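Analysis of the macromolecular model
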Amino acid sequence: MRVIGKRVRRIDAIEKAFGKAKFTNDLSFPRMLHAAVVYPGVAHGVLRSLDVSEALKAPGVVAIATYKNVPNNEMGIVTKDMHVLVPVGGKIRFEADPIAIIAAETREAAEEATSLVNFDVEELQPVLTIDEALRDDPIVNGERNVAFQRKIRRGDIEKGFQESDLILEMDFETGYQEHAYLEPQSIIALWDGDNLTIYGSMQCPFYVHNDVAEVLKLPLNRVTVIQMETGGGFGGKEDVPSYIAVKAALLSYLTKRPVKLVYNRDMDFRETSKRHPSKSHYKVGFTKDGKIKAVKAAVYLDMGAYSTLTPIVMYRSLTHAASAYDVENIFVDVYGVYTNKVPTGAFRGFGSPQVLFAMERVMDEAAKRLGMDPWEIRYKNALEIGKATATGHVLEESVGAKETLEIVREISDYERLKEEVRKFNEGNKYKKRGLGWAHTIYGVSLGAAGQPLDASSGEVHVKMDGTVLVMIGGTEMGQGAKTVMALIVSEILGVDVDNVRVMQPNTSIVQDSGPTVASRTTVFSGNAIRIAAERIRDNIIEYLKSKGVEDIKIENGYWIADGKEIPFSEIAREANAANVKLAEMGWFSTPKLNFDFETGTGEAYVSYTFSTQLSLVEVDLLTGKVELKEAWVSHDIGKVLNPVGAEGQVEGGVVQGMGYAISEEIKHDENGRMLTTNFNNYIVPTIRDIPRVHVKFAESPFSKGPFGAKGLGEPSLMSSPPSIANAVTDALGILINRLPITPEEVLLKL
Amino acid sequence: MKFNYAAPVTLEELSELKKGGGKLFSGGTDLFVKMRAGVLKPDLVVDTKKVETPKLECDKGLRIYMNTTYTDILKSGCARKYSLLMKILLEVGSPQIRNRGTPVGNLGNASPAGDFLLSTYVYDSKVIVGPSMREVPVKNFVKGPGKVDLSDEEFIYAVILEPLEGYTTYYEKVGRRNSMVISIASIAVALKIESGVIEDARIAYGSVGPTVVRFTDLEEKLIGERPKKELFESLAMEYSDRVKPITDVRASAEYRKKLTGNLLIKAYLNMNL
Ligand SMILES: Cc1cc2nc3c(=O)[nH]c(=O)nc-3n(C[C@H](O)[C@H](O)[C@H](O)COP(=O)(O)OP(=O)(O)OC[C@H]3O[C@@H](n4cnc5c(N)ncnc54)[C@H](O)[C@@H]3O)c2cc1C
């Protein structure tokens, strides 16, 4: 291969490094207005009155929208349980439940006017924790606070426990995580009376497309959504940009002027989604020799005031509840619970980090009780071809699970490392080190619950000069999607990577390709582009053959026709002049997955990524501070298309997972108002906190992936929190069953 | 947010503007954070950077004037012997913050978590207050969180740190990450040991009270003693008992109390006495 698997520079590196890339806030239009959002600042209550007359008189204010101005005020992905703007008489369900939006000549004028909107709220007791919510008094939303349930019933759980020699019961808790993307939520909307155009920072332009059209009751072919360069997403720009876009679009619709709505960090923290806090109870049975016989789990996810993506997030918690192991008897319940806090939703891992943390902690406890090495117990239960996942999906190919365990054991020199840690601990009274394993699974793409969205389109156009334009429905948000697309096209067409340009997605050009989530872009957009590029290549080959060329090869950027090298630019010029079709569209979808939602069994996902991490931590016994010093990681991603990008994903994933595990925490006051709304007290890691990360991939090819590739974006995070928690437990001998592991908790527990 | 801006060039003008209700700033890395959060809403902000002042003088103690940034000090050769100060300054914010922020601003802000402020207590510093140029020991100057001994027309002109020659020092700030963090608790220690006996001891804590704390009666317990671990352990307990920290969004009072003692033990262990 020429570029696939080789170390190449990302195609958007220079423009981003030099600040030339255009983000939404860099755009400006003549007569553009700026928007601000009015929040109630009360976590639970009934909106009794709303008066915007005073705010309307404020200098610079052009329009104010309330519920009365929204053509269709009902919103929600799975259930319509939220409003665009809370109506008078309606319920306020969290402190940043928007009640009005203001458009003004300047951002300052819009923001200033927010304090002039008068309203009364009849306050209700806020429901702030999962435990409070379970009492159903008061009800936050709908009929019951426990609004959704998903389950797996597989095998015979009681029999499984009867056959077990060791039965562990453990409780776990995990906290929020904020995406902390560099660029906050940003949208510009332009309504000209006939057509609406939206520019914005987003992962899923087709979601924004559908949601804005629905709220404004516009036909989809009158709405265009263009994704601008996006400064990070991590799931936080899956559904949320829709909620931002409808606000800007509504104001533009009312004023017929362009409207820009750029969130500040405080708004972004208070109003937009986070990772779900969770509570779970696990009961797991093992035989004497460490084989898992039964897994029973009850998992509660705090979905905040509105359900948004929670029912789909729950599908992932469900299917990942037994981690990456071969278990026959499984009984899992996952519940989605309303509380009066910010709605939680998509976040790298999508409901799996919470359960993987729990199950991986159970594995370590079992190993300890059974006198086994934590590596060994995992290896013993690891999946292989012919074995079934938690949902009973029998794996037929691409299972590098054991290989990842073997690789990490080898690259960490595990036996020597254990000895070093033992010696360190003997010689140090106030510092202790520990090692922790995690072995995890990740279902690639949306799976059975999201299959209606699981198809992607991609177009490739070869220009007369041999340069190539690529259009996909998947988005680049910093993860390197554009580079992977360029590599695929470059490899197939024999064109230089530098001559491939990947455009920003535009919903009026590319057909709905589903969301850029679930680690699916390399597989879905990548395959669509592969198909399109292969068609063009075949069109060219057919043309060359018609001219009498017999032997055609594509090597090192040159086409070799009957032994003669021809640069791609020449081929393109000639083919174009001969009217060869140099533009093609590729369409990729996967065969229908057979899954029974009643029992939670069947083919949950098209394929799975397998991961192993070993973490070395050091705990300061005098301060309680945990430091992740070093991590050894392996993922089976089928095929490494872009090594630099893949390693970057792993390093970033380990660090983001570390933040979730040890430093990041959202706190609220007793009235449900968030206290940690900026980076001074919501503590994400800095460059001075990051560990050394050693990465080596396993490549067990997936026949339906482009060049055999599977997904990596999310799994790169999930192995980190449990391996850190296991390492801290190893270092201190105290059970770490709650995330984050704060210095305070560690010190007070010692 | 609307407010007026003034940039005086003389100390007299600066004093006049402050008397008229203006809020002074140099780096603005505290003031503008507070204004953005709505904690302060001044009608007038007064930029002190256009007033010409010396940067640093190292001959009679270390004199740090208004508008001198952390980076100015870290780069200057003559301040290098203030090694504890150097250690502390390197932990302030990030390179950007150190390029912009000033020690005088840190003093003016008078936060119990202020890292420079902590150092001033160990160096027995004095504040030079303009326009009269009266000198006040820092411990009398700081009255509480955000409260300093300045009348309406007064401002901080400079701060003088007395050198610590022959001292062994330790500094640590505890936060949930290793930089860009407001301390949960911090400690600065300077010990002078002659022929195996402690001659002078200065122990200051940040973030465990309304301002930086030093308990001279506890420090005196070390004087004349040999630096033994048991001595520091028992003193650590006394410090833990004595401090009255608060619970806030960063940590609980209970944790801070425990940290207070532990940090002294850490200081002892790390100073290799
Ligand atoms: C991201 C970030 C990280 C930070 N990290 C740290 C840290 O690690 N440690 C730390 O201690 N601090 C930190 N800070 C706080 C701040 O940077 C420091 O306190 C800095 O020293 C303030 O200096 P300044 O010149 O910017 O102050 P300014 O904001 O200009 O002023 C601060 C206060 O002093 C008053 N003032 C200014 N000049 C005078 C004067 N001449 N006379 C009287 N009063 C005056 C002002 O009115 C104001 O109340 C951080 C701030 C930010 C934004």
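Residues numbered from 1 in each chain as written. Chains lettered and ligands numbered in written order. Predicted model: local features only at pLDDT ≥ 70, side-chain atom pairs only at ≥ 80, totals over all residues.

Quick look at the overall build of chain B
- Scanning chain B from N- to C-terminus turns up eleven helices and 13 strands.
- For chain B, whose C-alpha radius of gyration is 19 Å, the value lies close to the compact-globule estimate of 19 Å for 273 residues.
- By its C-alpha atoms, chain B is 60 × 40 × 30 Å across when sized along the principal axes.
- Looking at the 273 residues of chain B, the share that counts as buried comes to 44%. (Helix = DSSP H or I, 4+ residues; strand = E, 2+ residues; numbered from the N terminus. Rg over C-alpha atoms; globule rule 2.2 N^0.38 Å. Buried ≥ 20, exposed ≤ 12 C-beta atoms within 10 Å, placed from the backbone.)

Brief notes about the overall build of chain A
- Counting its regular elements, chain A contains 20 helices and 30 strands.
- The C-alpha radius of gyration of chain A comes to 27 Å, within 12% of the 27 Å expected for a compact globule of 750 residues.
- With respect to the three principal axes, the spread of C-alpha positions in chain A is 80 × 75 × 50 Å.
- Going through the 750 residues of chain A one by one, you find that 60% of them count as buried.
- The contacts of chain A with a sequence gap of at least 6 include a subset with a gap of at least 24, amounting to 81%. (Contact = placed C-beta atoms within 7 Å.)

Structural notes on the site of the ligand
All names here are of chain B.
- Lining the immediate surroundings of the ligand are 29 residues, of which G27, G93, G105, N106 and G108 lie closest.
- Elements represented by at least two residues in the shell around the ligand include exactly β2 (23–25), α2 (31–36), α5 (95–100), α6 (103–109), α7 (115–122) and β10 (155–161).
- The greatest single-element share of the shell around the ligand, amounting to five residues, is contributed by α6.
- A breakdown of the residues in the shell around the ligand according to their chemical character gives twelve nonpolar, 13 polar and four charged. (Near = placed C-beta within 6 Å. Nonpolar A, V, L, I, M, F, W, Y, C, P; charged D, E, K, R; others polar.)

Focus on the domain arrangement of chain A
Residues and elements named next belong to chain A.
- Annotation of chain A at the domain level lists domain 1 (13–20 + 454–589) and domain 2 (278–447 + 596–749).
- Among the elements of the structure, α14 (481–493) and α15 (521–546) are those that each provide at least two residues to the side of domain 1 that touches domain 2.
- Per-element tally for the side of domain 1 that touches domain 2: the top contributor is α15, with six residues.
- Residues that form the side of domain 1 that touches domain 2 fall into these classes: seven nonpolar, seven polar and three charged. (Domains from an automatic or database assignment.)

What about unusual backbone geometry?
- Look at the link from A:L739 to A:P740: it is a cis peptide, with omega at -5°.
- Examined against the element boundaries, A:P740 turns out to sit in the loop between α19 (720–732) and α20 (743–749).
- B:G130 connects to B:P131 through a cis peptide bond whose omega is 0°.
- Summarising the element assignment, B:P131 is placed in the loop between β6 (126–130) and β7 (134–137).
- Located in the positive-phi region is A:K256, a residue other than glycine, with phi close to 55°.
- Position of A:K256 relative to the elements: it lies in the loop between α7 (240–255) and β14 (259–262).

Description of the interface of chain B and chain A
- On the chain A side, the residues contacting the 21 residues of chain B number 20 residues.
- In terms of residue class, the side of chain B that touches chain A is built from eleven nonpolar, four polar and six charged.

Considering helix α10 (residues 352–370) of chain A
Residues and elements named next belong to chain A.
- Relative to the 27 Å expected for 19 residues at 1.5 Å per residue, α10 spans 27 Å between its end C-alpha atoms, a close match to the ideal helical length.
- Burial analysis of α10 places 16 of its 19 residues in the buried class, the great majority of the element.
- Just beyond α10, the residue with positive phi is G371, at close to 70°. (Expected span 1.5 Å × (residues − 1).)

Notes on the sheet that holds strand β12 (residues 185–194) of chain B
Residue and element names in this part refer to chain B.
- Taken in spatial order, the three strands make up an open sheet running β11-β12-β13, and their pairing is antiparallel. Every interior strand has two partners, whereas the edge strands, β11 (167–174) and β13 (197–206), have only one. The average undirected angle you get between the axes of adjacent strands in this sheet is 10°.
- For β12 and β13, the ladder comprises nine bridges, and the chain directions are antiparallel. Note on β13: the bridge partner recorded for E194 is V197.
- α7 contacts β11, β12 and β13 of the sheet and is inclined by roughly 25° relative to β12.
- Sheet strands touched by helix α11 (residues 253–271): β11, β12 and β13. Its angle to β12, the strand with the most contacts, is close to 35°. (Pairing = 2+ DSSP bridges. Axes fitted to C-alpha atoms, helices over the stretch in contact; angles between N-to-C directions.)

Focus on the sheet that holds β7(B)
All names here are of chain B.
- Read across the sheet, five strands follow the order β4-β5-β10-β6-β7 without closing on themselves; strand pairing throughout is antiparallel. The outermost strands of the open sheet, each flanked by one partner alone, are β4 (56–57) and β7.
- When β6 meets β10, the two strands line up antiparallel, connected through five bridges. When the sheet's bridge partners are listed, G130 is paired in β10 with F155.

Quick notes on the nonpolar core
Residue and element names in this part refer to chain A.
- Judged by nonpolar contacts, the single largest core of 304 residues is most densely connected at I102, A249 and V489.
- Considering every element that reaches this core, the biggest residue donor is α7, with ten residues.
- Setting aside residues up to four positions removed in sequence, V489 forms contacts with V460, V468, V470, V495, V500, I529 and A533. (Core = buried A, V, L, I, M, F, W, Y, C linked by C-beta atoms within 7 Å.)

Some points on the domain arrangement of chain B
Residue and element names in this part refer to chain B.
- For chain B, the domain assignment lists domain 1 (4–161) and domain 2 (167–271).
- One C-alpha centre belongs to domain 1, the other to domain 2, and the line joining them spans 25 Å.
- Listed as interface residues are 20 residues of domain 1 and, on the opposing side, 19 residues of domain 2.
- Contributing elements (two or more residues each) for the side of domain 1 that touches domain 2: α4 (83–90), α7 and β8 (142–144).
- Per-element accounting of the side of domain 1 that touches domain 2 gives the leading share, six residues, to α7.
- Here the side of domain 1 that touches domain 2 is composed, by residue class, of eleven nonpolar, six polar and three charged.

Observations regarding the environment of B:K257
All names here are of chain B.
- Within the secondary structure layout, K257 lies in helix α11.
- The exposure class assigned to K257 is partly exposed, which follows from the 19 C-beta atoms found within 10 Å.
- Put simply, K257 and S125 are 132 residues apart on the chain and 26 Å apart in space, counted from C-alpha to C-alpha.
- Not counting residues up to four positions away in its chain, the partners in contact with K257 are S240, V243 and P245.

Side note on α15(A)
- In this model α15(A) runs 36 Å from its N-terminal to its C-terminal C-alpha over 26 residues, within 8% of the 38 Å that 1.5 Å per residue would give.
- Two residues or fewer past α15(A), A:G548 is found with a positive phi of approximately 100°.

Considering the pairing of strand β11 (residues 186–191) of chain A
All names here are of chain A.
- Extensive coverage of β11 is indicated by the burial of six of its six residues.
- Side chains S186, I188 and L190 project from β11 onto one buried face, and the interleaved I187, A189 and W191 project onto a second face that is buried too.
- As paired elements, β11 and β14 share four bridges and run antiparallel to each other. Residue pairing across strands places A189 opposite V259, the latter belonging to β14.
- Alignment of β11 against strand β12 (residues 196–200), held across five bridges, turns out to be antiparallel. By the bridge assignment, A189 is partnered in β12 with I198.
- Taking the residues that link successive antiparallel strands as the turn, the β11-β12 hairpin has four residues, and the phi of G193 there is positive, at about 100°.

Structural notes on the packing of α10(A) against α19(A)
Residues and elements named next belong to chain A.
- Between α10 and α19, the shortest axis-to-axis distance is 8 Å and the interhelical angle comes to 35°. The crossing of α10 and α19 is right-handed. Along its contact with α10, which presents P353, L356, F357, E360, R361 and D364, the element α19 presents P721, P722, A725, N726 and T729.
- Considering only residue class, the contact of α10 with α19 consists of six nonpolar, two polar and three charged. (Left-handed = near helix turned anticlockwise from the far one by under 90°.)

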